[in-house]
Each structure stands twice: as C-alpha cells, then as structure tokens.
Amino acid sequence: MTAVRTVLLTGASGVIGTALLPHLSPARVVALVHHHTCPGATESVTGDVTAARLGLAPPAYRALARRVDAVIHCAAHTGFSGGRQMTEDVNVAGTRQVARFAQDAGAALYYVSTAFVARAELTRQSLGRDSGDAAARPEEYLDSKRAAEQVVRDSDLPAVIIRPSVVIGDSDTGVISRFQGLHEFSTVLLRNLLPLLPMPASTRLDFVPRDVVGRSIAELVAAGQTGGEAWITAGQAAPTVDTLVDIAVATGAELGIGVNHPRMVPPEMVDRLIRPVFIDPLPSAMRRRFDDLLAMTALFVDAPVFPSTLGQFPARTPPLTADQVAGAYRASLFYLAQAKKLGAPAFAPVRMPV
C-alpha cells in the first residue's frame with residue numbers, strides 16, 4: 001500500500017469490510033460508520049452514505065476529501081426482504097453519494113458489487129414462476145446492484161467494479177463476522193430440517209472464503225488498479241450441491257451429528273407435484289421459509305459458471321482449487337456448529353468475533 005496513503009472504507013463492520021481491514025496496512029483507513037467506532041480502522045468518522053456530503057458538515061467533508069487517495073465502497077443493504085425502496089436508497093443513492101465524494105477527493109473508487117448481477121434474469125419472478133409466500137426478493141437486490149454499477153461507470157472515475165460470489169468464513173478457521181445465506185442453508189442441513197432440496201445434484205454453488213475476498217480487494221488497491229471488473233469467485237472450482245451435502249454429512253459425523261442426505265429434485269417437480277400435497281398444507285411460517293429457499297435456488301439452477309479473475313490482476317492471490325473450496329466449507333461448518341452449539345467440534349475453539 002505504498003502509493004495509497006489514506007483509504008475511506010464504507011461498510012467497515014460488514015462481512016467484507018471486516019475481512020478487508022487487516023490487509024490494508026500500512027495505509028491509514030478512515031471508516032465511515034453510523035454510530036460505533038471501528039476497532040480495526042485507523043480512525044472512524046460518523047456519517048451516512050445515503051446523505052449529502054456523506055452526512056458530514058461542509059468543513060469536515062472538505063477536510064476528509066483532501067486526505068483520501070482511494071475509496072472502497074462496501075456498504076450495502078444485502079437483505080432480500082427489505083423492500084425495493086430501502087434497497088435502492090442504500091445501494092443506488094448511497095453509491096451515488098460515495099462516487100461524488102471520490103470525485104471531490106480526486107480518488108480512485110473500488111466498488112464492491114456481487115457476481116450475481118450476471119444472474120439477474122434467473123430469479124423466479126424473471127423466469128415467470130410463482131414465488132409463493134416467499135419474502136425473499138433477490139431481483140430487487142440484484143436490480144439495485146446493477147444500477148449502482150451503472151452509477152460507477154457513468155461517473156467516469158478511475159474505478160474497479162468488484163464482484164465477489166457468496167462469502168463464507170475464513171479458509172482455515174471458518175470465522176466470519178456475520179452468518180450469510182449459505183450458513184443458514186447449512187444450519188438447516190445439519191439439523192435435518194431439509195428432507196428435499198429443490199435443485200439438481202449437479203447444480204454448482206459458487207462461494208469464496210472471506211480472507212480470499214479481503215486479500216484480493218486489498219491487492220487491487222495496492223497495485224493501483226483503476227479500471228475493469230474483478231470477479232472474486234471459485235469459478236471452475238465451484239462444487240456441486242451434491243458434493244457440499246457429502247461434505248456436510250462427513251463433517252456432521254465428526255461432530256457427532258447424524259446428517260441425512262436430502263433428496264434432490266428439480267424445482268419444476270416441486271411446483272407440479274410436491275407443493276400441492278406437502279407444501280401448501282404447512283403453517284404459513286414454514287411455507288414462507290421453503291418458498292424463500294426456492295426463490296434463491298433460481299439463482300443457481302442451470303446457471304453458467306462464474307468467470308474468475310483470481311490470479312490475473314493482481315496475480316498474488318491465485319485461483320482457488322476444488323480442494324481449497326471444499327476445505328473452506330468444512331472449516332465454516334465446524335465454526336457454524338460451534339457457534340450454534342450443534343455438536344462438539346473436535347478442534348480447538350476459535351475466538352468468536354466481537
């Protein structure tokens with residue numbers, strides 16, 4: 001980080017922000033926060049990405065702009081049930097305010113989007129399929145991220161659009177600041193609450209460990225990369241869902257948990273045969289949970305493999321191998337089981353993040 005002296009980081013307390021902080025040294029990191037200070041940053045500034053001047057008074061805004069060499073924008077509303085307005089306010093309007101700050105600072109912008117913008121047409125709504133009682137609306141999130149990417153492109157800033165896939169825990173320890181969608185899926189799997197899985201066994205699930213994401217973004221900044229798109233994904237190393245379930249079954253055995261292998265069926269079979277008999281009679285909360293899962297599977301079933309730029313620019317973080325991806329998932333399962341007290345992990349306890 002020799003060329004970049006001061007970085008403004010939004011979303012510093014999130015999954016990617018916390019993964020990124022240890023890799024930004026020796027640059028000074030100014031974290032834009034809502035309320036609490038960010039322990040891993042050099043300093044914290046209270047503000048709001050959705051407000052004019054990032055919620056700062058004019059003198060403070062100008063003083064910050066004079067110091068910042070690069071902006072890493074991680075802050076986002078990542079939930080799928082917050083509603084379109086909230087999602088657009090944070091993800092689109094917020095990105096517009098951050099881009100304006102980068103222009104005022106004369107700084108490069110590193111915008112963290114998602115690899116799933118490439119699959120925005122694969123939501124159940126886009127495919128013309130009934131979403132049932134699902135509260136999850138991934139299309140609203142993906143629409144907002146695509147719009148935010150366009151904000152970055154239209155700004156004419158020196159900028160990199162960064163597209164990570166699903167983020168899981170640390171490669172070795174499984175530690176993560178907040179559990180994500182794959183963790184929730186894995187919890188249901190370990191608790192044997194998933195008798196069937198609405199996707200073919202050959203469906204690939206792309207995910208990357210948090211340390212790989214943090215290190216890759218920091219390397220882009222350190223290398224002075226100021227153009228293009230970075231795809232931080234497993235790519236060809238992404239495992240099939242059948243492989244993931246096999247890992248969960250084997251890991252469950254190590255934890256003293258008997259994990260049943262769910263039956264895997266095409267989503268069309270669920271709509272035609274299973275829903276009328278088994279799903280519709282369920283209580284509304286259980287029906288909604290299943291429909292949320294079904295809404296998410298549309299982003300994976302019959303989807304093309306994500307591209308990956310790991311090992312290309314910059315080249316210090318190599319592409320992931322299938323063994324590395326499988327090992328990272330296993331580590332995440334151990335950490336998940338420990339955190340949720342699902343078993344007795346046969347490894348030294350790791351420290352829970354604050």
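How each quantity is defined
- Residues numbered from 1 in each chain as written.
- Predicted model: local features only at pLDDT ≥ 70, side-chain atom pairs only at ≥ 80, totals over all residues.
- Heavy atoms only, no water.
- Helix = DSSP H or I, 4+ residues; strand = E, 2+ residues; numbered from the N terminus.
- Buried < 20%, exposed > 50% of the residue type's maximum accessible area, 1.4 Å probe, protein only.
- Contact = heavy atoms within 4.5 Å.
- Areas by Shrake-Rupley, 256 points an atom, 1.4 Å probe, with all protein chains shown as cover.
- Axes fitted to C-alpha atoms, helices over the stretch in contact; angles between N-to-C directions.
- Parallel < 35°, antiparallel > 145°, perpendicular 65-115°, else oblique.
- Left-handed = near helix turned anticlockwise from the far one by under 90°.
- Nonpolar A, V, L, I, M, F, W, Y, C, P; charged D, E, K, R; others polar.
- Expected span 1.5 Å × (residues − 1).
- Bend = angle between axes of the 7 residues up to and from the residue.
- Polar contact = N/O pair within 3.5 Å; in protein donor to acceptor, adjacent residues only side chain to side chain.
- Pairing = 2+ DSSP bridges.
- Salt bridge = Lys/Arg side-chain N within 4 Å of Asp/Glu carboxyl O.

What the chain contains, in helices and strands, is ten helices and eleven strands. The burial tally for the chain puts 52% of its 354 residues in the buried class. For the chain, the proportion of contacts with a sequence separation of at least 24, taken over those separated by at least 6, is 75%. Of the roughly 15300 Å² that the chain leaves accessible, carbon and sulfur atoms contribute 53%.

For the rest of this paragraph, the subject is the packing of helix α5 (residues 181–190) against helix α10 (residues 322–339). Between α5 and α10, the shortest axis-to-axis distance is 11 Å and the interhelical angle comes to 70°. In terms of their interaxial angle, α5 and α10 are classed as roughly perpendicular. Considering how the two elements wind past one another, α5 and α10 form a crossing that is right-handed. Counted together, L182, H183, S186, T187, L189 and L190 of α5 and Y329, S332, L333 and L336 of α10 form the full contact between these two elements. Class assignment of the residues belonging to the contact of α5 with α10 gives a composition of six nonpolar, four polar and no charged.

Further remarks concern helix α3 (residues 84–105). Relative to the 32 Å expected for 22 residues at 1.5 Å per residue, α3 spans 30 Å between its end C-alpha atoms, a close match to the ideal helical length. The largest bend along α3 measures about 30° and falls at G94. Those residues of α3 that fall on the buried side of the exposure criterion are T87, N91, V92, G94, T95, Q97, V98, A99, F101, A102 and A105. Tucked inside the fold, the buried residues of α3 contact β1 (6–10), α2 (58–67), β4 (70–73), β5 (108–112) and α4 (138–155). Directly after α3, the chain includes G106, whose backbone phi takes a positive value near 65°.

As a further point, take the side chain of S144. Mapped onto the elements of the fold, S144 is located in helix α4. What makes S144 buried here is its relative accessible area of 1%. There is a polar contact of 2.9 Å between the side chain of S144 and the side chain of N91. Of the polar contacts made by the side chain of S144, one reaches the backbone oxygen of Y141; its length is 2.6 Å.

In this section: unusual backbone geometry. For residues besides glycine, phi is generally negative; the peptide bonds are generally trans as well. A cis amide bond links S25 to the next residue, P26, at an omega of 10°. Within the secondary structure, P26 sits in the loop between α1 (15–20) and β2 (28–33). In the Ramachandran plot, D156 falls in the positive-phi region, its phi being about 60° despite a non-glycine side chain. For D156, the position within the fold is in the loop between α4 and β6 (159–164). Judged by its relative accessible area of 70%, D156 falls in the exposed class. Here N192, not a glycine, exhibits a phi torsion of approximately 55°, which is positive. Among the structural elements, N192 can be located in the loop between α5 and β8 (196–197).

Here we take up the sheet that holds β5. One open sheet holds the seven strands; their spatial order is β3-β2-β1-β4-β5-β6-β10, and the pairing between them is parallel. In this open sheet, the two edge strands, each paired with only one partner strand, are β3 (43–46) and β10 (229–232). Taking the axes of each pair of neighbouring strands and ignoring which way they run, one obtains an average angle of 20° across the sheet. Bridging between β1 and β2 involves five bridges; their strand directions are parallel. Paired with L9 across the strands is A31, a residue of β2.

Turning next to the pattern of salt bridges. Inspection of every chain in the model, using the stated rule, returns nine salt bridges. R146 is paired through a salt bridge with E121; the nearest N and O atoms lie 2.9 Å apart. Residue R146 is located in helix α4, and its partner E121 is located in the loop between β5 and α4; the two are separated by 25 residues in the primary sequence. The closest approach of N and O atoms between E149 and R153, which form a salt bridge, is 3.5 Å.

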